[in-house]
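A look at the structure
Each chain, written out:
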Amino acid sequence: MLPDGYHEIKTIFAEIDVADVLKYTLTRTKNIEILTNVNAISNQDNLAVKVASFIQEKYQVPYGVRIELKKNIPLAAGMGGGSSNAAVTIRSLSDLWELKLPEAEMMSIAAKYGSDVPFFLYGGTMLGSHKGEKLALLAPFIWNYILLVKPYFGVSASEAYASVEYNEKATNWEQLISSGDVKMCFNRLQAGVIRQYPVIGEIITEMNKTGAIKTIMTGSGSTCVGFYNDSSTMQKAKDHFEIKDYWTCCTKTRNQSNMNFEVNE
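An account of the accompanying structure is given in this report. All values reported here derive from a predicted model rather than from experimental measurement.

What counts, and where the lines are drawn
- Residues numbered from 1 in each chain as written.
- Predicted model: local features only at pLDDT ≥ 70, side-chain atom pairs only at ≥ 80, totals over all residues.
- Heavy atoms only, no water.
- Axes fitted to C-alpha atoms, helices over the stretch in contact; angles between N-to-C directions.
- Helix = DSSP H or I, 4+ residues; strand = E, 2+ residues; numbered from the N terminus.
- Parallel < 35°, antiparallel > 145°, perpendicular 65-115°, else oblique.
- Left-handed = near helix turned anticlockwise from the far one by under 90°.
- Contact = heavy atoms within 4.5 Å.
- Nonpolar A, V, L, I, M, F, W, Y, C, P; charged D, E, K, R; others polar.
- Phe/Tyr/Trp six-rings, centres within 6.5 Å; stacked < 30°, edge-to-face > 60°.
- Buried < 20%, exposed > 50% of the residue type's maximum accessible area, 1.4 Å probe, protein only.
- Expected span 1.5 Å × (residues − 1).
- Arc of directions from axis to C-beta.
- Core = buried A, V, L, I, M, F, W, Y, C linked by side-chain atoms within 4.5 Å.
- Salt bridge = Lys/Arg side-chain N within 4 Å of Asp/Glu carboxyl O.

**Some thoughts on the packing of helix α1 (residues 47–58) against helix α2 (residues 81–96)**
It is the contact of α1 with α2, at a shortest axis distance of 8 Å, that shows an interaxial angle of 30 degrees. By the angle between their axes, α1 is roughly parallel relative to α2. When the axes of α1 and α2 are compared, the crossing they make is right-handed. Taking contact as the criterion, the partners of L47, A48, V51, A52 and I55 in α1 are, on α2, G82, S83, N85, A86, T89, I90 and L93. Of the residues that constitute the contact of α1 with α2, the class distribution is eight nonpolar, four polar and no charged.

Here's what the structure looks like:
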């Protein structure tokens, strides 16, 4: 554990072809407003709003912004939905408010609001170390048949890290990175979270039975990600979990950023 109480980690970030959609409109007042299709999101708690408020105050911006957010990524899913929204907000407001922030400055702001926010400034495939904010570019990880399954509940990052088990054998990182073999993927948080939420373990077992060649929990959970060899098998698995009323999504990895946003002046 690091002096500031955070866990030191090593993780692989891989961008996928599913994202929230954001639209930014310049306002002549200094108000920062968010409109969204999810009732649970508020101005006070939303990471994009916090980032916007920080940038506005730091650079004495005389304008405001209206942010329209269409959530496609579930809340508390371990998929970086809020973090990716924060990252794209940094880039968008740099343009919208004509700040022309240097890359290093945007990275510094991103790191203030989450260890995975810096990754989402760029996307692709990267190795994150320290708290996750130190990034190293990796060769693109390409997989076209990925099924995401999320149960009806979320898991907070603090809860996941509090339940981590340190007695499991670590993955050979060098071999995993050089081979790109999904069968070697590993999540050190998974066992502890399953102990608290056995249904996640049940989902992983079921995904393997539906033909996934590898299934792991993504991030701090509660979403499970299954890698399949073909579209037909993946779709049948999706149908299986939809009957159980879980959130499901078929996706694939991407080489480039998938952040969808518009800037309106």
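**Re the packing of aromatic side chains**
Taken as a whole and judged by the stated rule, the model has nine aromatic pairs. When the centroid spacing of 4.7 Å and the interplanar angle of 15 degrees are considered together, the rings of F13 and F119 count as stacked. One end of the pair, F13, is in strand β1 (residues 9–14); the other, F119, is in helix α4 (residues 117–120), with 106 residues separating them in the sequence. The exposure classification of F13 matches that of F119, with both residues buried. Their ring planes at 10 degrees and their centres at 6.5 Å tell us that F141 and W143 sit as a pair that is stacked. The burial state of F141 is the same as that of W143; both residues are buried. Counting every residue linked through ring pairs, the aromatic cluster contains F13, F119 and F120.

**Quick notes on helix α9 (residues 231–243)**
Taking 1.5 Å of rise per residue, the 13 residues of α9 would be expected to cover 18 Å, and the 19 Å separating its terminal C-alpha atoms lies within 8% of that figure. By the burial criterion, the buried members of α9 are M234, A237, K238 and F241. Down the axis, α9 shows its buried residues gathered within 105 degrees of arc, on one side only. Summarising the geometry of α9, the exposed residues directed more than 90 degrees from the buried face are K236 and I243.

**Concerning the nonpolar core**
Grouped together as the largest cluster of nonpolar side chains are 32 residues, with contacts concentrated most on Y24, V65, I67, I90, L93, L96 and W97. Secondary structure elements with two or more residues in this core: β2 (21–27), β3 (32–36), α1, β4 (64–70), α2, α3 (103–112) and α4. Examining the composition of this core, we find that six residues originate from one element, α2, more than from any other. Among the nonpolar cores identified, the runner-up in size contains 21 residues, and L147, V155, V193 and I203 belong to it.

**Structural notes on the pattern of salt bridges**
Going through the model one piece at a time under the given rule, you end up with eight salt bridges. For the salt bridge of D20 with K71, the shortest nitrogen-to-oxygen distance reads 2.7 Å. Within this pair, whereas D20 is found in the loop between β1 and β2, its partner K71 is found in the loop between β4 and α2, the two being separated by 51 residues in sequence. When its relative accessible area of 12% is taken as the criterion, K71 is described as buried. Here E105 makes a salt bridge to K58, at a shortest N to O gap of 4.0 Å. With E105 in helix α3 and K58 in helix α1, this residue pair connects regions lying 47 residues apart in the sequence. Note on E105: relative accessible area 24%, which makes it partly exposed. According to the relative accessible area criterion, K58 is partly exposed, its value standing at 44%. When salt bridges with common partners are traced through the structure, they connect E15, D17 and R254 into a single cluster.

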